[in-house]
Amino acid sequence: MNFSFLKNKRFLFIVGLYLLLNVFVNILHPITTVYVRELELDSAFFGFFYSAMSLGQVVGSLLWGFLSDKKGRKPWMILGTIGYALSQLGFGFLNRYAIVIVLFRLLSGFFASAPITLFLSAVIDESETSSRTESLSFAAGIALLGASIGYEVGGLLHTYGGLEIPTLFLVQSGFGLVLALLLFFFLPETRRAIAEQTIEEKPKEKKAVRLPVIVFLAFLLCLTVGQVNLSKYTDTLVIDRGYSTATLGHYVFITGLLGFFANLFLIPVLKKAKNLRHERLLLLFVFVSAILILITYNVPGDLLVMLYTSNLAYAMIKTMITPLEQAHLAKNTHDSNRGTVMGLRQSVISIGNVIGPLVGSAVYVTGSATIMNVSAGFLGVGFLILILALFLERKA
């Protein structure tokens, strides 16, 4: 296993701050369903509410990625973190009118897309080609661990700590402002402004997006639609069936720990297996994911039992899909366009995050698992598109 990237102090600072970022953006997720219910919004608005933030990310990801290629990553990551913290305050306290809620969700997504997109670009900037999949796997595990900690802390503070939802919004925003200071003092800049580079240092321009990449992004769109609904509506299903936010937080925390260790150890091991290139691993994982979802939500039994068995296996595999698709896309980038291409990736994911909840709001019936079967169908379609993308890449 190639863990040479762990000797890079700059890389360690980046992933350490990446951990804190994911705690920050996920700490309110366990109580989001409860919060929306308290606002007494129409159930059809629930999907639109989730989609608004993703719509902001569609625009923001492209903009921040482009700017980071021109002026560096760090300034926009700090600005995005501060903007997200302040937007969350508005979302938590200025909630009298639905249109105002949507506005702040748009702003939250717009600003959050800066650190979410550019941390990934920074990880790729600091990784060697020979260990890129391993470094991305490690970063993906760190992100999942941070998200899991955020879920666990948020659920515990609300269920057992007695903190009211407005107080939790203050906690999150305060944490975000502290994180912005940490980014200012400790985050290394991984991309110098083009204006500061010599002619020799500037890479030659080459075509950024080819047909196989476009088809691969179509796969990523289907994958995202399926995964986001599985994530959002697992949360909703757990709450709708009478379990507490702490129960949800415990489950996500455990999936995060397993996902972290899977990314750290399983992917490097599987990569060394004969005839198991990362493209084949990606195909295998997507196919198995769809099967596990169908098993989880169609086999009679207690929901928690299925969540801690077949769905736990799905959650672990899902975390390993992310670095594999990132590494595949990273092969199609170079130094002068990496932020832009990764911004395009995040924009496609955000479009999926818009489409997914809208589909979910139309399909979901309280307590029903129909949306999960539809999501498995999206994974199946994504699997077929991925086969096409890899075929076209070989031909090219």
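It should be noted that the structure appears before, not after, this text.
We now turn to the structure provided with this report. Sequence order sets the numbering: in each chain, residues are counted from 1 along the sequence as written. Local features in a predicted model are, by the rule used here, given only for residues with pLDDT of at least 70; side-chain atom pairs are given and counted only at 80 or more, and totals for whole chains, interfaces and linings are based on all residues. Remark: hydrogens and water are excluded; side-chain values derive from all non-hydrogen atoms of the structure.

**Considerations on the packing of aromatic side chains**
Given two aromatic rings, one states the distance between the centres and the angle between the planes to describe the pair. Within 6.5 Å between ring centres, the rings of Phe, Tyr and Trp (the latter by its six-membered ring) count as paired, and their orientation is classed by plane angle as stacked under 30 degrees, edge-to-face over 60, tilted in between. Scanning the model with the defined rule gives 19 aromatic pairs in all. Residues Phe287 and Phe383 carry aromatic rings whose centres are separated by 5.4 Å and whose planes lie at 50° to one another, so their mutual orientation is tilted. Here Phe287 is found in helix α10 (residues 278-298), whereas its partner Phe383 is found in helix α14 (residues 370-395), with 96 residues between them in sequence. Burial status follows relative accessibility: with a 1.4 Å probe on protein chains alone, a residue under 20% of its type maximum counts as buried, one over 50% as exposed, and anything between as partly exposed. By relative accessible area, Phe287 is classed as partly exposed at 42%. Its guanidinium or amino end placed over the ring of Phe184, Lys74 lies 5.9 Å from that ring's centre, counting from NZ or CZ. Ring-over charges, as used throughout, are those where CZ of Arg or NZ of Lys falls within 6 Å of the ring centre and within 35 degrees of the ring normal. Looking at Arg105, its charged tip hangs above the ring of Phe91, at a distance of 4.6 Å from the centre. Numbering goes from the N terminus for both helices and strands, where a helix is a DSSP run of H or I of at least four residues and a strand is a run of E of at least two.

**Structural notes on the packing of helix α6 (residues 132-159) against helix α12 (residues 310-330)**
Angle between the axes and distance between the axes: these two values describe a pair of packed helices. Note on definitions: angles span 0 to 180 degrees between N-to-C directions of axes, and those axes are lines fitted to C-alpha atoms, for helices only across the stretch in contact. Close contact between α6 and α12 brings their axes to 9 Å; oriented N to C, the two are set at 140°. The orientation of α6 with respect to α12, classified from their angle, is oblique. Where α6 crosses over α12, the two elements pack in a sense that is right-handed. Only Thr319, Pro323, Leu324, Gln326, Ala327 and Ala330 of α12 make contact with α6, whose side of the interface consists of Arg132, Thr133, Leu136, Ser137, Ala140 and Leu144. Classifying every residue of the contact of α6 with α12 gives seven nonpolar, four polar and one charged. We call two directions roughly parallel when the angle between them is under 35 degrees, roughly antiparallel when it is over 145, roughly perpendicular when it lies between 65 and 115, and oblique otherwise. Two helices cross in a left-handed way if the nearer one is turned anticlockwise from the farther one by less than a right angle. They cross in a right-handed way if the turn is clockwise. In what follows, a contact means two residues having at least one pair of non-hydrogen atoms within 4.5 Å. Any residue that is not Ala, Val, Leu, Ile, Met, Phe, Trp, Tyr, Cys, Pro, Asp, Glu, Lys or Arg is counted as polar, Gly included; the first ten are nonpolar and the last four charged.

**Some details on the environment of Thr370**
Within the secondary structure layout, Thr370 lies in helix α14. The partly exposed category is assigned to Thr370, whose relative accessible area is 39%. Taking the C-alpha atoms as reference, Thr370 lies 9.3 Å from Asn298; in sequence the two are 72 residues apart.

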